[in-house]
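# Descriptive structure summary
Residues per chain, in single letters:
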Protein chains: 4
Amino acid sequence: MSWNSFGRLLRLVTWGESHGPAIGGVIDGCPPSIALSESDIQPFLDRRRPGRSRHTTQRREPDEVEILSGVYEGRTTGTPISLLIRNRDARSKDYAEIADRWRPGHADYTYDLKYGLRDPRGGGRSSARETAVRVAAGALARRVLAHLLGSPVTIRAAVVEIGGEAVPPGRIDLAAAATDPLFAPDPEIRARWEEMLDEARRAGDSLGAVVECVAEGVPAGLGAPVHGKLDADLAAAMMSINAAKGVEIGAGFAAARLKGSENADEMRAGASPDAPRFLSNHAGGILGGISSGQPVVVRVAFKPTSSIRIARRTLTRAGEEVEIVTKGRHDPCVGIRAVPVVEAMMALVLADHLLLDRAQCGERDCSR
Amino acid sequence: MSWNSFGRLLRLVTWGESHGPAIGGVIDGCPPSIALSESDIQPFLDRRRPGRSRHTTQRREPDEVEILSGVYEGRTTGTPISLLIRNRDARSKDYAEIADRWRPGHADYTYDLKYGLRDPRGGGRSSARETAVRVAAGALARRVLAHLLGSPVTIRAAVVEIGGEAVPPGRIDLAAAATDPLFAPDPEIRARWEEMLDEARRAGDSLGAVVECVAEGVPAGLGAPVHGKLDADLAAAMMSINAAKGVEIGAGFAAARLKGSENADEMRAGASPDAPRFLSNHAGGILGGISSGQPVVVRVAFKPTSSIRIARRTLTRAGEEVEIVTKGRHDPCVGIRAVPVVEAMMALVLADHLLLDRAQCGERDCSR
Amino acid sequence: MSWNSFGRLLRLVTWGESHGPAIGGVIDGCPPSIALSESDIQPFLDRRRPGRSRHTTQRREPDEVEILSGVYEGRTTGTPISLLIRNRDARSKDYAEIADRWRPGHADYTYDLKYGLRDPRGGGRSSARETAVRVAAGALARRVLAHLLGSPVTIRAAVVEIGGEAVPPGRIDLAAAATDPLFAPDPEIRARWEEMLDEARRAGDSLGAVVECVAEGVPAGLGAPVHGKLDADLAAAMMSINAAKGVEIGAGFAAARLKGSENADEMRAGASPDAPRFLSNHAGGILGGISSGQPVVVRVAFKPTSSIRIARRTLTRAGEEVEIVTKGRHDPCVGIRAVPVVEAMMALVLADHLLLDRAQCGERDCSR
Amino acid sequence: MSWNSFGRLLRLVTWGESHGPAIGGVIDGCPPSIALSESDIQPFLDRRRPGRSRHTTQRREPDEVEILSGVYEGRTTGTPISLLIRNRDARSKDYAEIADRWRPGHADYTYDLKYGLRDPRGGGRSSARETAVRVAAGALARRVLAHLLGSPVTIRAAVVEIGGEAVPPGRIDLAAAATDPLFAPDPEIRARWEEMLDEARRAGDSLGAVVECVAEGVPAGLGAPVHGKLDADLAAAMMSINAAKGVEIGAGFAAARLKGSENADEMRAGASPDAPRFLSNHAGGILGGISSGQPVVVRVAFKPTSSIRIARRTLTRAGEEVEIVTKGRHDPCVGIRAVPVVEAMMALVLADHLLLDRAQCGERDCSR
């Protein structure tokens, strides 16, 4: 029932706590005969791994993935693929205090209220550590897309805003962002962000961010009316990432400020009868919940990290009024390391919808 | 598999085309013994009904709902509730042209690509007419919430921005909006919006809008980690509404511009040990995917209506370059009539999560 | 959540009570472009309709189906198909007594315990009348199979045992059964069954039956490990039919009496490399949960009708010890009219699995 | 989408191949605060473990389970519970031959046809080894039942027939069967079965079996109409066990041979107004798909093991006509070791339905 799982046909259930022995996930419904090994997944985990710059948590996790099932002689067999990542650098003593005090803006309070108990070590289940599994699964989802379509879907995300400072229009270089430790799409804004992050870290504070993700090569026809809408599934997938507070498709909130005559993505004849040319992409590649063949564009807003070293007023579990200062090792801007997660969720949703579409409508001819 | 359905335990599947004989839906999983009759649902449908002001489509639909099953002697029996609404004022001749030409920004193109055919009359399945069924189901969902919690959850939405003109901060009166034909939460902005809408209509153009929805009385504890997140489900539910392009929870995109020290919703002791007092609500009532007991706040961006009377460049199904002017009867600002739909989706998601929570964690004591 | 629905990708939700205004269902996930009209469905409903012989209930229902959505110009559009069947001959006065007394062997007691209330008229939701909708949906499922495979799957069921009197081995003529009012596959046993049924009706008693269903033309490869097993889904589908108490695949319980060397279905080279010849079919066409290309064979045991005119000891809702004699119009042997329902469930499960298989493994080449 | 998973609210996905590094599963949706450790699960695994008698496979697996998540300080936290069992005694060389030859009656052929490839080592995914995970999850499901109901549900299964030799009526002692290595419910029949098993093993042949399972203490009200039927879910769950070919509820196929007047389970006043006394239990504790409060009784038919040492005619993957003799270590009667699996599936289905019922109908007062 999807408490901890994603997808309809390509299903991912994730499990594990930040400071338990391991985290992992199971992918069910994967098509057979796709070449897959740990080395196909590891590069994606490495991009999300903490410690790539001084602006991310100093926790040291190798994040080495083991494939425990579903692959035989280097190819998927169509049976469930179990992924396991051991936790190596859990320092649970740092968390003694937060076992008893609720960090404002964090899930401590709501987990306690819902379940009556929680694993407080490293944030337990609510830690962003869980997203490593999504990134691993996303690597597989990219393979599924390429295998079924015969050509890769290019999925690239970048940070486009930190602490209110946005990349100027026209300066987004997704290829550059892909290899940048901050996933910055422009060197100038990057320099500014570095300063802001250093300042926030010195102050013991944190910053929010906006991440943009673009998927190119998505065939027209993915999605369905009403609840099988591609944008609805993307919205859920993105909003399920830790610290996400907003999701936009295409022009998003800005579309609400356009006139109908401006927002319309006009069409002209394209290279082939089946591939029209759109004169703009305010829709972000989705019309009526179904992909149009244009690039799918999503933006996600991430709030600033809740775990900060500035004292905030809160309560103990016993109801006593206290202050809390969160020690431990935290990212000053969780939005940065969310970039590979956003890409992974995009890949998972697209691959799932490709299977759904194939079920109902058959093989999609990608030449059109 | 949720092509056309919502919910996990309180399930709604909707069916029907804009100009078919009827639209309707089936609600499965409703708790038994809830008082219900057509007259409990009709007022909600009346709020969504076209023709309440000159700013909505002039199609005349009484939108009378029939309950065909699942209710006996005025109470729900726990079996599926079938809802039927006849289409009375379908004028399909208006749509001859769009059968052959794709309206930019509309689902015509993607339906054709996906399914190879579509019912073009009135937009067929992609018409916002489908949302009438959601509104009817939302009325039931409100009943479910009140029945299970012993006290109503107050769910109210309002238009907070049209064509880029937003309600000034502190001027949102949700009670006033509830009965206003434009769902405007402030008389001053309302006057401005009227002018803008008249102008747009005269020009044959359309405007976008932002709708805000607040649910008060939601118990803490609804939601779950990862994919059962309350905000993820809300995001999907809202994004599934016709013309929605963005969703925010609480401070949303603005949270990405706050520092962690500003964004934290600090806590003080409240009236009872189980009900702390929060000093702000940037989180919009949801932490770690689980409700905190604060009001749940969602905002949804709606693009301007795609069907406009200004000529736009497009293609015919045969690939010929043409222009299109959409006649027929359309709302110049679809965001207005989306207000009751946003409320309905909020009610459906909350009721569903209340059942999910009851399944896993038992009866929730709402005194806390 | 499947309280009242079937299927994973080809989803059917049914609704309605025996004596409400109507019964119906919604089919979601149907592939587009399949030719469909009411006249394609009606013949199947006519086979299930009461009153085809003196051995079925004397309730007179025309069972005329209306398609309210999802079909445009005679072809499915890929959107939900809503089916409606009006109840015409409901005589609720017959049921005054059973509103208060629990009929032994019937769902009266358990519905009351579960929901706290029930619609007692004609058995309400627990009436076999609901199966008319399944039969209508099954007619569509056959179309889906033929459309996707390019050749029809022949699905035929017959009564093979009534009141303990089984058709002798080798006397099962499924083609003959198809048009017989008792769905008897052999004229000799049919004569014997007629006598037994007349005697039971005179005595006010009822008889059980076993129904066998064979699907020919099913491609190899449908199903999946563990819970997506074709036989598991068939078992659930058949056990969900009113009065079903047992399900067997292939040799079934008899297989438990065979030795491994006898039960093995040996293989020899067939007409083509992809189509081996099996020397027997104890497996009933399913190995490891996946179809083998042999005919899929299922048998279902139906208990005798619980509504009988012989007095049985029971309780009133108030707990008083009483006797009950069920009047009203009932089938003396529900197994007979279950035949088209068994066929429909077979068709629905196979079509669903064909879509599932296409999603994961692609188009299945049916020449092999 | 349930390719490899069970349950609606208490969800189990299993993964792993017979000769891979490990097998395991993830349980999602478990209520919080249930005491749980490896030692609660291990005894159930020990009962299923091979090597308890000379009549089961000689593969030596300690089947030690590790809990990797979802438990904190000895109690469930409401988050996913990951279970891991390492494979210790895999001897894959035994299986070189079957990589190329299809064993009649086995899943080799259908996996190859469906997926185009398979892991042949030890039967890969189709091996009964997967059921160890179900048994582990079943141990947790028993805990869930006891925790939610306040009193244990007693679930006991026994072999009631081997090779056509059934336990005589009235000789079924479930308590005795629980600790017997053959799960025999009667010492006399046990002796006979030992002889038959020895003979079959000497001949290199195998025998089928029937297993009966009885759950006592199940509250009335579990289940739902149409597809949420308790018996439909039990049928699917049982039929999903390796080698199962038939499922019966209560009198099952024998009910088809009774008259309505005989089959009716008459009712008299019981100890309390809410607990009537039934004079028989032909229904097997389920009426209209909903539990009645009587013991839930299920019987499952298991075919004889397909892996035998008697030569059978088959084909190679290249289509060549050959014979096959299956070496390796196999149970001569898989029905025996299925007993703990049948119990586990019963526990999982009941716990799932208890959660479903609590969602829709609230806490069930188990005193009635």
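The model shown is predicted, which means the values in this text are computed figures rather than measured ones. (Residues numbered from 1 in each chain as written. Chains lettered and ligands numbered in written order. Predicted model: local features only at pLDDT ≥ 70, side-chain atom pairs only at ≥ 80, totals over all residues. Heavy atoms only, no water.)

The number of helices and strands found in chain A is nine helices and 18 strands. For chain A, the residues scored as buried account for 69% of the 368 residues in total. At a minimum sequence separation of 6, the contacts of chain A that also span at least 24 residues come to 71%. Looking at charge distribution, chain A has the averaged site of its 48 positive side-chain charges lying 2 Å from that of its 47 negative ones. (Helix = DSSP H or I, 4+ residues; strand = E, 2+ residues; numbered from the N terminus. Buried < 20%, exposed > 50% of the residue type's maximum accessible area, 1.4 Å probe, protein only. Contact = heavy atoms within 4.5 Å. Lys, Arg positive; Asp, Glu negative; His and termini not counted. Charge placed at Lys NZ, Arg CZ, Asp CG, Glu CD.)

As a further point, take the relation of the copies chain D and chain C. When chain D is fitted to chain C, the best match, at an RMSD of 0.0 Å, comes from turning it 180 degrees and sliding it 0.0 Å along the axis. The two molecules are tied by a two-fold rotation axis, judged by turn and shift. In this assembly the copies share their binding face: 99% of the residues contributing to the interface of chain D also contribute to that of chain C. (Least-squares fit on C-alpha atoms with pLDDT ≥ 70 in both.)

Turning our eyes to something else, we now look at the relation of the copies chain C and chain A. Expressed as a screw operation, the relation of chain C to chain A combines 0.0 Å of axial shift with a rotation of 180 degrees, fitting to an RMSD of 0.0 Å. Taken as a fraction of all interface residues of chain C, those also at the interface in chain A reach 100%, which identifies the copy contact as same-surface.

Moving on, we come to the pattern of salt bridges. For the structure on display, the rule yields 120 salt bridges over all chains. Linking Asp40 of chain C and Arg143 of chain C is a salt bridge whose minimum nitrogen-to-oxygen distance equals 2.9 Å. Of the two residues, Asp40 of chain C is situated in helix α1 (residues 38-48) and Arg143 of chain C in helix α3 (residues 131-149); the sequence distance between them amounts to 103 residues. Residue classification places Arg143 of chain C among the partly exposed residues on the basis of a relative accessible area of 31%. The salt bridge partner of Arg171 of chain C is Asp186 of chain C, with a shortest N-O separation of 2.6 Å. With Arg171 of chain C in the loop between β9 (165-166) and α4 (174-179) and Asp186 of chain C in the loop between α4 and α5 (187-203), the pair connects residues that are 15 residues apart, well separated along the chain. For Arg171 of chain C, a relative accessible area of 35% translates into the label partly exposed. Shared partners join several salt bridges into a network, and the residues in it are Arg103, Asp108, Asp112, Arg118 and Arg317 of chain A. (Salt bridge = Lys/Arg side-chain N within 4 Å of Asp/Glu carboxyl O.)

All names here are of chain C. With respect to the helices, strands and loops of the structure, Ile162 is situated in strand β8 (residues 154-162). For Ile162, a relative accessible area of 0% translates into the label buried. As for Ile162 and Val296, which are separated by 134 residues in sequence, their C-alpha atoms are 22 Å apart. With sequence-adjacent residues up to four places away left out, Ile162 is seen in contact with Trp193, Met196, Leu197, Leu207, Gly208, Ala209, Cys333 and Ile336.

Residues and elements named next belong to chain D. With respect to the helices, strands and loops of the structure, Gln294 is situated in the loop between β15 (290-291) and β16 (296-302). In terms of polar contacts, Gln294 uses its side chain to reach the backbone carbonyl oxygen of Ser280, at 3.0 Å. Leave out the neighbours within four places in its chain, and Gln294 touches Asp265, Phe278, Ser280, Asn281 and Gly285. (Polar contact = N/O pair within 3.5 Å; in protein donor to acceptor, adjacent residues only side chain to side chain.)

Turning our attention to the packing of aromatic side chains. The full count for this structure, using the stated rule, is 14 aromatic pairs over all chains. The interplanar angle of 75 degrees and the centroid separation of 5.8 Å between the aromatic rings of Tyr109 of chain A and Phe278 of chain B together place this pair among those described as edge-to-face. Of this pair, Tyr109 of chain A sits in helix α2 (residues 108-115) while Phe278 of chain B sits in strand β13 (residues 275-278), which puts the two residues in different chains. For Tyr109 of chain A, a relative accessible area of 3% corresponds to the buried category. Note on Phe278 of chain B: relative accessible area 15%, which makes it buried. The interplanar angle of 75 degrees and the centroid separation of 4.7 Å between the aromatic rings of Trp102 of chain D and Tyr109 of chain D together place this pair among those described as edge-to-face. Members of the aromatic cluster, connected to one another through ring pairs, are Trp102 and Tyr109 of chain A together with Phe278 of chain B. (Phe/Tyr/Trp six-rings, centres within 6.5 Å; stacked < 30°, edge-to-face > 60°.)

Contacts between chain D and chain C engage 105 residues on the former and 104 residues on the latter. Taken together, both faces of the contact between chain D and chain C bury some 8800 Å²; the carbon and sulfur share is 61%. It is Trp3, Lys114 and Lys245 of chain D in chain D that bury the most area against chain C; as a group they hold 9% of the surface buried on that side. For the pair chain D and chain C, the number of links is ten salt bridges. With a shortest N-O distance of 3.0 Å, Arg313 of chain D and Glu266 of chain C are connected by a salt bridge. (Buried area = accessible area lost by both parts, 1.4 Å probe.)

So, on to the sheet that holds strand β1 (residues 5-6) of chain A. All names here are of chain A. Taken together, the five strands give an open sheet; going across it, the order is β1-β2-β3-β7-β4, and neighbouring strands pair in antiparallel fashion. On the outer flanks of this sheet lie β1 and β4 (65-67), each paired with one strand and no other. Where β4 meets strand β7 (residues 81-86), three bridges bridge the pair, whose relative direction is antiparallel. The residue bridging Val65 from the neighbouring strand is Ile85, located in β7. With respect to the sheet, helix α1 (residues 38-48) is in contact with β4 and β7, its orientation differing from that of β4 by roughly 155 degrees. (Pairing = 2+ DSSP bridges. Axes fitted to C-alpha atoms, helices over the stretch in contact; angles between N-to-C directions.)

Residue and element names in this part refer to chain A. Remark: helix α3 (residues 131-149) packs on helix α9 (residues 339-361), axes separated minimally by 7 Å, with the N-to-C direction vectors making an angle of 40 degrees. Considering the angle they form, α3 stands oblique to α9. The two elements α3 and α9 meet at a crossing, and its hand is left-handed. Residues Thr131, Arg134, Val135, Ala137, Gly138, Ala141, Arg142, Val144, Leu145, Leu148 and Leu149 of α3 lie in contact with α9, whose contacting residues are Pro340, Val341, Glu343, Ala344, Met345, Ala347, Leu348, Leu350, Ala351, Leu354, Leu355 and Arg358. Across the contact of α3 with α9, the residue classes tally to 17 nonpolar, two polar and four charged. (Parallel < 35°, antiparallel > 145°, perpendicular 65-115°, else oblique. Left-handed = near helix turned anticlockwise from the far one by under 90°. Nonpolar A, V, L, I, M, F, W, Y, C, P; charged D, E, K, R; others polar.)

Below, the discussion takes up the sheet that holds β8 of chain C. Taken in spatial order, the ten strands make up an open sheet running β9(C)-β8(C)-β10(C)-β16(C)-β11(C)-β11(D)-β16(D)-β10(D)-β8(D)-β9(D), and their pairing is antiparallel. Because the sheet does not close on itself, it has two edges, and the strands there are β9 of chain C together with β9 (165-166) of chain D. Taken strand by strand, helix α6 (residues 230-239) of chain C contacts β11 (244-249) and β16 (296-302) of chain C together with β11 (244-249) of chain D, and its axis lies near 155 degrees from that of β11 of chain C. In the packing of helix α9 (residues 339-361) of chain C onto the sheet, contacts are made with β8, β10 (209-216) and β16 of chain C, and the angle to β8 of chain C comes to roughly 140 degrees.

So, on to helix α3 (residues 131-149) of chain B. Residue and element names in this part refer to chain B. Over its 19 residues, α3 extends 26 Å from the first C-alpha to the last, a length consistent with the 27 Å expected when each residue adds 1.5 Å. Of all 19 residues making up α3, 16 are buried, and the element is well covered by its neighbours. Of the residues flanking the end of α3, it is Gly150, one or two places downstream, whose phi is positive at about 80 degrees. (Expected span 1.5 Å × (residues − 1).)

Okay, the interface of chain C and chain A next. Contacts between chain C and chain A engage 17 residues on the former and 17 residues on the latter. Summed over both partners, the interface of chain C with chain A buries about 1200 Å², with 62% contributed by carbon and sulfur atoms. Joining chain C to chain A, the criterion identifies zero salt bridges. Scanning the region where chain C abuts chain A turns up ten residue pairs in polar contact (both at pLDDT 80 or more).

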